[in-house]
Amino acid sequence: MASKHDRSRRYHDRVARQYDSIYDDPYWEFHDELTWRMLKPHLPRDTSARCADLGCGTGKWGLKLLKSGFATTFVDSSAAMIEQTRQKVETMGSRAKRATLAVADIIEMPEVPSDAFALVLAMGDPLSICSDPQRACNEMARITRATGIVIATADNKFAAIEHYVERGNLDALEEFVRSSRTHWLTADEQERFELNTFTPASLTKLFERSGFEVVHVSGKTIVPVRTNKKLLEDPNAIERLLRLESDLAKDPSAAARAGHLQIVARRLVPSPSGRGLG
């Protein structure tokens, strides 16, 4: 039987060419604008700093980093996704020289150097998709330089409970609450793969075990716009919804009702003794 990694790679290889079109609608425009506003405060001040985009897909966030002037490493387990990214990078003139592309699973990235990056992104929930989130988090710690920032997203366990309630299967609900695992359901059963879900607390613990200081955990999106896209029909809808998200996010507990979680974590500085982190 194909492993979770093989199933995930098979799915992402198949959809790579049409991947961008899948997310071409007003909801994702709103979602992406919200994400970029949440990322911008954490961009390195020094444009000589190096950045990485893990689970980069077709390169959406890494390309923004590259356009902002940062040398950027793109990593994805799907060679087809990396090829889509490569085609976009090649249109960027001299900036293309500052891009590095690698096909690798985020739980093991031997081609990616240690202590190298001031900012590491792992957007689009690669922590949920990968086979071992703790190993992936350890790898993020390895490649991030001391005091560097990692920003990652993951599926929210609390949001997924509703799916199991709707199914009306108490056994399945109990199993999900116990394991925190669900599945990415595609038409082809050979492409279905397991997803790890997190609560704000469990995501925080994951990063702390890898030697990070968690700056904050946010929810995306807190307003469930995706379930009623009529909210996006107003000409000023995106700006109005962004203000609502900003207001709601002031209460950290609001993250628990969002579809996805976004964590910002800082790699701690090793102590002079070499024992522990300080």
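One can find the structure itself at the top, above this paragraph.
Scoring rules and cut-offs
Residues numbered from 1 in each chain as written. Predicted model: local features only at pLDDT ≥ 70, side-chain atom pairs only at ≥ 80, totals over all residues. Heavy atoms only, no water. Helix = DSSP H or I, 4+ residues; strand = E, 2+ residues; numbered from the N terminus. Rg over C-alpha atoms; globule rule 2.2 N^0.38 Å. Contact = heavy atoms within 4.5 Å. Areas by Shrake-Rupley, 256 points an atom, 1.4 Å probe, with all protein chains shown as cover. 1 Å grid on protein atoms, 1.4 Å probe; cavity = no way out; pocket = protein on both sides within 12 Å on 5 of 7 lines; lining within 4 Å. Points joined across faces, edges and corners; volume = space filled by probe spheres on them. Nonpolar A, V, L, I, M, F, W, Y, C, P; charged D, E, K, R; others polar. Phe/Tyr/Trp six-rings, centres within 6.5 Å; stacked < 30°, edge-to-face > 60°. Buried < 20%, exposed > 50% of the residue type's maximum accessible area, 1.4 Å probe, protein only. Right-handed = clockwise from strand over helix to strand, strands pointing away. Pairing = 2+ DSSP bridges. Arc of directions from axis to C-beta.

Undergrad: What am I meant to see in the overall build of the protein here?
TA: Across its full length, the protein carries 11 helices and nine strands. Radius of gyration (C-alpha) of the protein: 19 Å, near the 19 Å computed for a compact globule of 278 residues. Expressed as lengths along the three principal axes of its C-alpha atoms, the size of the protein is roughly 50 × 45 × 45 Å. Across the protein, the fraction of contacts at a sequence separation of at least 24, relative to all contacts at a separation of at least 6, is 74%. Of the roughly 14,200 Å² of accessible surface on the protein, a fraction of 49% belongs to carbon and sulfur atoms.

Undergrad: Teacher, can you tell me more about the layout of surface pockets here?
TA: In this structure, the second largest pocket occupies an estimated 290 Å³ of space. What lines the second largest pocket is a set of 17 residues, among which Met38, Ser218, Glu245, Ser246 and Ala249 lie closest to the centre. Residue assignment for the lining of the second largest pocket shows that the elements contributing at least two residues are α3 (26–39), β8 (212–220) and α11 (237–248). Within the lining of the second largest pocket, the residues separate by chemical class into nine nonpolar, four polar and four charged.

Undergrad: Is there a simple way to think about unusual backbone geometry in this case?
TA: What you tend to see is this: most non-glycine residues have negative phi, and most peptide bonds are trans. In this structure, the amide linkage connecting Lys220 to the following residue, Thr221, adopts the cis form with an omega of -20°. Relative to the helices and strands, Thr221 is located in the loop between β8 and α11. Here the phi dihedral of Thr147 falls at roughly 70°; this positive angle occurs in a residue that is not glycine. Notably, Ser180 is not glycine yet its phi reads approximately 65°, a positive angle. Relative to the helices and strands, Ser180 resides in the loop between α9 (170–179) and β6 (181–184).

Undergrad: Whenever I open this one, the packing of aromatic side chains confuses me. Can you help?
TA: The geometry of two aromatic rings is summed up by the distance between their centres and the angle between their planes. Tallying each qualifying case throughout the model produces six aromatic pairs. Relative to Trp61, the ring of Trp36 lies with its centre 6.4 Å away and its plane at 20°, an arrangement referred to as stacked. Placement of the pair is Trp36 in helix α3 and Trp61 in helix α4 (residues 60–67), with a sequence separation of 25 residues. The pair formed by Trp36 and Trp61 is uniform in burial state, with each residue classed as buried. Within the aromatic cluster, the residues linked to one another by ring pairs are Tyr23, Tyr27, Trp28 and Phe30.

Undergrad: In this structure, what is going on with the pairing of strand β1 (residues 50–54)? I would like to understand it.
TA: As a general feature of sheets, a regular strand has side chains that alternate between the two faces. Extensive coverage of β1 is indicated by the burial of four of its five residues. Each parallel crossover has a hand, and the one from β1 via α4 to strand β2 (residues 71–76) is right-handed. Two elements, β1 and strand β4 (residues 117–122), share three bridges in a ladder whose sense is parallel. Bridging across to β4, Asp53 finds its partner in Leu121.

Undergrad: Even after reading the chapter, I still don't get helix α10 (residues 200–209), so can you show me in this structure?
TA: Owing to its 3.6 residues per turn, the α-helix aligns residues three or four sequence positions apart on the same side. Considered for burial, the residues of α10 that qualify are Leu203, Thr204, Leu206 and Phe207. Seen along its axis, α10 keeps its buried residues to an arc of 155°; they face one direction. Exposed residues pointing more than 90 degrees away from the buried face of α10 are listed as Lys205 and Arg209. Where α10 is buried, its residues contact α6 (126–129), α7 (133–143), β5 (144–156), β7 (193–198), β8 and β9 (260–267). Phi for Gly211, located one or two positions after α10, is positive at around 90°.

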